[in-house]
Amino acid sequence: MSDLPAATQRSRVRVPLRFGDGYRVDAELVTFHGLIDGQEHLAVVLGDPAPGTVPLVRLHSECLTGDVFGSARCDCGPQLREAVERIAGRGGVLLYLRQEGRGIGLYNKLDAYALQDQGLDTYAANTALGLPEDARDYTAAAQMLQALGIAELDLLSNNPDKAGQLRDLGIDVGDRVPTGVFTTAHNVRYLRAKVLQTQHTLPLGELTELGVG
């Protein structure tokens, strides 16, 4: 295990979750002291792993437009909804990380959307603003996992960088379990860019068939 600054659990509270499609599940929300970036990240503990199994974990970066307002320009809202149910069924944790816009913030993300409307992809738009393509750092996520007593997990993610960062931080990532594919007429270019630029495990062939060049 890497030499991470220790975080501690600050509070735990039971919260019944209710989604717009009718799905319901009870969760335990955990807050923390000592996170290295000073952000108010949250752990959502769901279900109970069977004896001898490792928990299923998702690192979900906050997306106000997708998670709250149902924006069709990304797949964040459907991924969040899917992750909660899949983790509850197996037992594990969703870490809700306050890293809007791949770490560039809400206003910058919306500025990048405007550049995407002019033809840039999601990564090129960030670069045009003088910002990193992906500014996310998962050190605080590793601290949270350690504070929860999780040293080994399966990761629910299409993003190889998340698994790589966690392993570098001393977390034993077994399987990387892909999420579903949630395409709309508004996000298919965005999803294709994730495959081509950052090697997300999404079916490129299917995205190409939707007419994205």
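Scroll up for the structure.
Worth saying up front: this structure is predicted, and the values here are computed from it rather than measured.

Analysis parameters
Residues numbered from 1 in each chain as written. Predicted model: local features only at pLDDT ≥ 70, side-chain atom pairs only at ≥ 80, totals over all residues. Heavy atoms only, no water. Buried < 20%, exposed > 50% of the residue type's maximum accessible area, 1.4 Å probe, protein only. Helix = DSSP H or I, 4+ residues; strand = E, 2+ residues; numbered from the N terminus. Pairing = 2+ DSSP bridges. Axes fitted to C-alpha atoms, helices over the stretch in contact; angles between N-to-C directions. Contact = heavy atoms within 4.5 Å.

**Q** Tell me what's going on with the pairing of strand E5 (residues 92-97), and back it up with residues and numbers.
**A** Of all six residues that make up E5, six are buried, and the element is covered over most of its length. Neither face of E5 is left uncovered, since the one carrying Gly92, Leu94 and Tyr96 and the one carrying Val93, Leu95 and Leu97 both have all their residues buried. As defined by bridge partners, strand E3 (residues 42-46) adjoins E5 across five bridges and the pair is classed as antiparallel. Opposite Ala43, over in E5, you have Leu95 as the bridge partner. Sheet analysis places strand E4 (residues 56-61) next to E5, joined by six bridges and oriented parallel. Following the sheet pairing, Val57 is matched in E5 by Val93.

**Q** Give a description of the sheet that holds E4 that names residues and reports values.
**A** Taken together, the seven strands give an open sheet; going across it, the order is E1-E2-E3-E5-E4-E6-E7, and neighbouring strands pair in mixed fashion. A single partner strand is all that each edge strand has here, and the edge strands are strand E1 (8-18) and strand E7 (172-177). Averaged over all pairs of adjacent strands, the angle between strand axes in this sheet comes to 30 degrees, irrespective of strand direction. For strand E6 (residues 152-156) and E7, the ladder comprises four bridges, and the chain directions are parallel. In the strand pairing of E7, Leu153 is matched with Val173. Across the sheet, helix H6 (residues 139-147) lies against E1, strand E2 (24-33), E3, E4, E5 and E6, angled at about 145 degrees from E5, the strand it touches most. Packing against the sheet, helix H7 (residues 160-168) makes contact with E4, E6 and E7, and its axis sits at approximately 170 degrees to E7.

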